[in-house]
Amino acid sequence: MRFRAKIVDLACLNHFSRIINTIAKLAKTCILRLTVCKLYFILSDKVANGGASMWCELSQGNFFDEFQMDGVAAEHNEIYLELVPENLSRALKTAQSAKAVKIKLSNKHCPCLRVAVELPSLSSSSRIVTHDIPVGVIPRRMWNDFREPSVPDFDVSIYLPVLKTMKSVVEKMKNLSNFIVIEANLNGEMNLKIETDLVSVTTHFKDLGNPPWASEDGCQSSARGRDLESMAEACIDIKKLQQLLAGQQVNPTKALCNIVHKRIVHFILLHEEGSLQYFIPAIA
């Protein structure tokens, strides 16, 4: 089992660093799945237990100048590692003006991801700062626990408003309640609501548009034949929503959410080089 990769392009490095920073805000620990073409960051808190889950998929060719890996076995050419994304985020913060960053799976005293940052120096010799990030190797028999979550059979799918706007609304509401209701319909309208004994606040968004899911790929969703004005809603933990919005340092090319009425809100943020899905279960 071997893995080594190298980033030389500074723009790619900074972009990768921002994505890891986003993930660190969403997950204390996560699974890093490595395949020949892609990296995945996976958080699968069991949604049934009220935990959020995340699936972030990146094409390695968009970030790495070199990328080599040999998986657990020829027919299972993948590696699954458990790590604390904050540690990786910290290591990459030291690399903001680096000439190159090398990441390698090593096993000195325990399995580690070694991040070697080559910094520019005034003399001819370069300075290298290394960070060893402890990882746990996930055995093959447990891989099925980390498969891509299926898109729930949603009632409404809608494009999100500008995330910065949504973030500032949610941050104000967070001071008033621990819960937020997201409701939307197939007419491009979405409301963010909080209701407590003392206060009731609603922010309305309209003309957001609805993704063409149902017509495009024959996706059988409960949205078919639904009254366009009728709202689907879910009450969720406002902190989880705020974490998702606070972590977005790169505006996605598309951002949308699917609502399964009173059950789950599924966010999909699409970027040119990857995608992030985040599932927040509804609170009964």
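Let us look at the structure shown here. (Residues numbered from 1 in each chain as written. Predicted model: local features only at pLDDT ≥ 70, side-chain atom pairs only at ≥ 80, totals over all residues. Heavy atoms only, no water.)

## Some words on unusual backbone geometry
Just so we agree on the cut-off: Note on conventions: DSSP H or I runs of at least 4 residues are helices, E runs of at least 2 residues are strands, and numbering of each starts at the N terminus.
In this structure, Asp207 takes a positive phi of about 60 degrees despite not being glycine. Considering the arrangement of structural elements, one finds Asp207 in the loop between β14 (200–205) and α4 (213–217).

## Structural notes on the sheet that holds strand β12 (residues 179–184)
Condition: Note on pairing: two strands pair once DSSP finds at least 2 bridges between them. In this analysis, axes come from line fits to C-alpha atoms, helices being fitted only over the stretch in contact, and the angle between any two N-to-C directions falls in the range 0 to 180 degrees. We call two residues in contact whenever any of their non-hydrogen atoms come within 4.5 Å of each other.
Sheet architecture is open: 4 strands sit in the order β14-β13-β12-β15, paired in antiparallel fashion. The two strands at the open ends of the sheet, each matched to only one other strand, are β14 and β15 (232–237). The sheet shows a mean angle of 20 degrees between the axes of neighbouring strands, taken without regard to direction. Note: strand β13 (residues 190–195) against β14, 6 bridges, orientation antiparallel. Bridged to Met190 within β14 is Phe205. Packed on one face of the sheet, helix α3 (residues 163–174) meets β12, β13 and β14 and runs near 10 degrees to β13. Helix α5 (residues 238–246) contacts β12, β13 and β15 of the sheet and is inclined by roughly 90 degrees relative to β15.

## Quick look at the packing of aromatic side chains
Using the following cut-off: Between 30 and 60 degrees the pair is tilted, below 30 it is stacked and above 60 it is edge-to-face, where a pair is any two Phe, Tyr or Trp rings, Trp via its six-membered ring, whose centres lie within 6.5 Å. Exposure is judged per residue with a 1.4 Å probe applied to protein chains only, and the accessible area is read against the type maximum: over 50% gives exposed, under 20% gives buried, and values in between give partly exposed.
Applying the stated criterion across every chain, the model contains 7 aromatic pairs. For the pair Tyr80 and Trp143, a centre-to-centre distance of 4.5 Å together with 25 degrees between the ring planes defines the contact as stacked. In this pair, Tyr80 is assigned in strand β6 (residues 79–83) and Trp143 in the loop between β10 (136–137) and β11 (156–159), connecting sequence segments 63 residues apart. The two residues Tyr80 and Trp143 agree in class, both being buried. Aromatic side chains Tyr80 and Phe146 sit 6.5 Å apart centroid to centroid with 40 degrees between the ring planes, which places their arrangement in the tilted category.

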